[in-house]
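# Remarks on the overall topology
As a plain string of letters, each chain reads:
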Amino acid sequence: AGGGGGAAPAEVCEKFRTARTLSAVESRKDPETEPYRSKYSARALLQEVKQLLSAAEEGGEARLVAVRRAVLEYELGVNHTDTEELSAGEEHLQRCTQLLEPHRLSPDCVSLYIQAQNNLGILWSERDEIKTAQTYLESAEALYNQYMKEDGNPPLDPSEHFIAEQEQLTDQERSKRFEKAYTHTLYYLAQVYQHLEMIEKAAQYCHTTLKRQLEYCGYYPVEWALNAATLSQYYLSKQCFMESRHCLAAASVIFSQAGQVPSAEDRDEIEQDQQDLRQRKAEIARCWIKYCLNLLQSARKLLEDNIGELDPDRQLELKAQRKKEEDEKEKGRKKAVLFGTSDICDSVLAMEEKVSSVYPLDFQEAREIFLVGQNYVQEAKEFFQVDGYVTDHIEIVQDHSALFKVLAFFEEDYERRCKMHKRRIDMLEPIYADLNPQYYLLISRQLQFELADTYYEMMDLKVAIGNRLEELDSHTIKKINSLAQLAIKYYELFLDSLRNPDKVFPEKLEEDVLRPAMVAKFHIARLYGKLITSDSKKQLENMQTSLEYYTFLVDYCEKYPDAVRAIETELELSKEMVGLLPTRMERLRAKLCPFI
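Here the structure is a predicted model, which means the values were calculated and not measured.

### Section: the side chain of His 80
Note on placement: His 80 falls in helix α3 (residues 62-82). Residues in contact with His 80, not counting those within four places in the same chain, are Arg 43, Glu 85, Ala 88, Gly 89 and His 92.

### As for the packing of helix α20 (residues 536-559) against helix α21 (residues 568-592)
Orientation of α20 relative to α21, taken along the N-to-C sense of each, is 155°, at an axis distance of 9 Å. With respect to each other, α20 and α21 are oriented roughly antiparallel. In this structure, α20 meets α21 at a crossing whose hand is left-handed. Class assignment of the residues belonging to the contact of α20 with α21 gives a composition of 15 nonpolar, six polar and five charged.

### Here we look at the confidence of the model for the protein
In low-pLDDT regions, the fine details of the predicted coordinates are not to be read closely. Per-residue confidence for the protein gives a mean pLDDT of 90, with 93% of residues at or over 70. Every residue in residues 261-265 scores below 50 in pLDDT, and together they form seven contacts with partners more than four places removed in sequence or on other chains.

### Quick word on the packing of helix α19 (residues 511-530) against α21
Where α19 contacts α21, the axes come no closer than 10 Å and their chain directions differ by 30°. On the basis of their axis angle, the class for α19 and α21 is roughly parallel. When you trace α19 past α21, the crossing you get is left-handed. The residues of α21 that touch α19, namely those facing Arg 515, Val 519 and Phe 522, are Glu 570, Leu 573 and Ser 574. Considering only residue class, the contact of α19 with α21 consists of three nonpolar, one polar and two charged.

### Remarks on the pattern of salt bridges
Pairing is possible between side chains that carry opposite charge, provided their charged atoms lie close to one another. Going through the model one piece at a time under the given rule, you end up with 40 salt bridges. Of the charged contacts in the structure, one is a salt bridge between Arg 43 and Glu 85, with a shortest N-O distance of 2.7 Å. Residue Arg 43 is found in helix α2 (residues 37-56), and its partner Glu 85 is found in the loop between α3 and α4 (86-100); the two are separated by 42 residues along the sequence. Residue Glu 85 is classed as partly exposed on the basis of its relative accessible area, which comes to 29%. Residue Glu 73 is joined to Arg 95 by a salt bridge in which the shortest nitrogen-to-oxygen separation is 3.5 Å. In this pair, Glu 73 is assigned in helix α3 and Arg 95 in helix α4, connecting sequence segments 22 residues apart. Relative accessible area serves as the criterion here: at 4%, Glu 73 is assigned to the buried category. Each of Lys 50, Glu 73, Glu 91 and Arg 95 takes part in one network of salt bridges that share partners.

### Quick notes on unusual backbone geometry
A positive phi is found at Glu 84, a non-glycine position, where the angle reads about 65°. Position of Glu 84 relative to the elements: it lies in the loop between α3 and α4. For Glu 84, a relative accessible area of 62% corresponds to the exposed category. Backbone geometry at Lys 503 places phi at a positive 70°, although glycine is not the residue there. Structurally, the position occupied by Lys 503 is in the loop between α18 (474-496) and α19. Owing to a relative accessible area of 62%, Lys 503 belongs among the exposed residues under this scheme.

### Examining the environment of Cys 247
Locating Cys 247 in the fold gives a position in helix α10 (residues 241-255). The buried category is assigned to Cys 247, whose relative accessible area is 0%. It is 9.5 Å that separates the C-alpha atoms of Cys 247 and Glu 352, two residues lying 105 residues apart in sequence. Filtering out sequence-adjacent residues up to four positions away, Cys 247 remains in contact with Ala 228, Leu 231, Ser 232, Tyr 235 and Phe 339.

What counts and how
- Residues numbered from 1 in each chain as written.
- Predicted model: local features only at pLDDT ≥ 70, side-chain atom pairs only at ≥ 80, totals over all residues.
- Heavy atoms only, no water.
- Helix = DSSP H or I, 4+ residues; strand = E, 2+ residues; numbered from the N terminus.
- Contact = heavy atoms within 4.5 Å.
- Axes fitted to C-alpha atoms, helices over the stretch in contact; angles between N-to-C directions.
- Parallel < 35°, antiparallel > 145°, perpendicular 65-115°, else oblique.
- Left-handed = near helix turned anticlockwise from the far one by under 90°.
- Nonpolar A, V, L, I, M, F, W, Y, C, P; charged D, E, K, R; others polar.
- pLDDT = per-residue confidence, 0-100.
- Salt bridge = Lys/Arg side-chain N within 4 Å of Asp/Glu carboxyl O.
- Buried < 20%, exposed > 50% of the residue type's maximum accessible area, 1.4 Å probe, protein only.

Structural data, given as structure tokens:
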């Protein structure tokens, strides 16, 4: 049995097998009142095996004796860790590695040694000693690599030290178990690196783990899919859209394997499982929404000019560049298929083909990505409903609104663009109306600001449409004024939310609200300037209010020069207006009362 010297006595093997069954199988049925009943029985059996071995091995081959002892120490170590007795667990696992140290690179020891180190790594992570955990896991990783380089034959599985000769495992099974142990090493390392904020390394290890789990079919579909979806968000943050889409497509494909819930006697449990599956599915849908939104927003950044409009020259240039790149990329793309066996690959590719991973450069392309995102919004909202999931639900609606906002950027027709913003108003206003700002101050502010910004945008579009007309008709004037008034209303609500309980506006604004507050003040100043009235007195009042808001910005930045960074453009324009407005107002006054 890899170590020579014959198999362990039958009685010993039998007890060892029973102990393992108790631990792995029976313990799942333990009552809540005695959660570790089977684990304790298993522990007693392992201690008996230890005594029987000592008696049987008087004068046996020292090396074989040491290896069998090490297996028992390992089992006892895991047993104590499982019952939350970490110090005892650590002692047994340390004893296991000490016994194996001289033989750790031989085929009958290497797998056990790696598993012991994995478990020491987990044990130290549970104590929040992440650096110590890292040492054990990295040493397990190094040992695997060294063994594969120097020997590479499928090593014995630890359990084989306690089974009859004729029950030895096949090489294929040995290899599978060894690789699984190493996959665990990488999986825990990914978590350790995440903890130590070594994000790139964590992502790389997470990716390798996911890949290996598929290769060796060792995974739970739901957990695998969530890990892949989480990894996709890392790639998003790095603007790697192809990789991000690949992880999401794989997540969706593997997740669909989880749909078949086994028929259990317990209806409640199935109901709970189904509920859990629905939630996970909605979480993956939310990752898809972020993907579509980020891809559209990144494309907008590439295409916009200095006033935030689509730059047609840039558009042509990017389209030509893409044509050239596409031909070259086709060759490289084939190598980058990341996950899985061929049947999984086909499903993943089919899933990927439903949405682009290259920047959309015109309305048609943007709309296709928008529609995919919108479908996932519906899917996510089905589970995350307002009742019970207020914050999640609102975040999803905000993402939906953001999808419309970025799609509007690609739309050339002002009227249709206006309609898209109107859709945003229609989804955000009812939610805002039902929200209690006392409990949800932050979300409430976000919504006030977004509603204000959307009305502001619509007002600007209506003004642009009006400017194309021979003369403004009363309908357009009414529309412009009402949109401006609504924008002012929501900006004022936002600014009021910053006041203290005595309704006093803060002397100095907090860092996180400084820019939004200043933008709100600046936009209100502009809005008062846009209101159209034939009553000159009213017009003077509007100019006066406008001037007060511009002046606020200028004075605030003089008092707190640090604030300038946050609002350079707005400050420049405000200074200009503070210079211009008084003269304009004088002229208007002179018109009103020419005899003064």
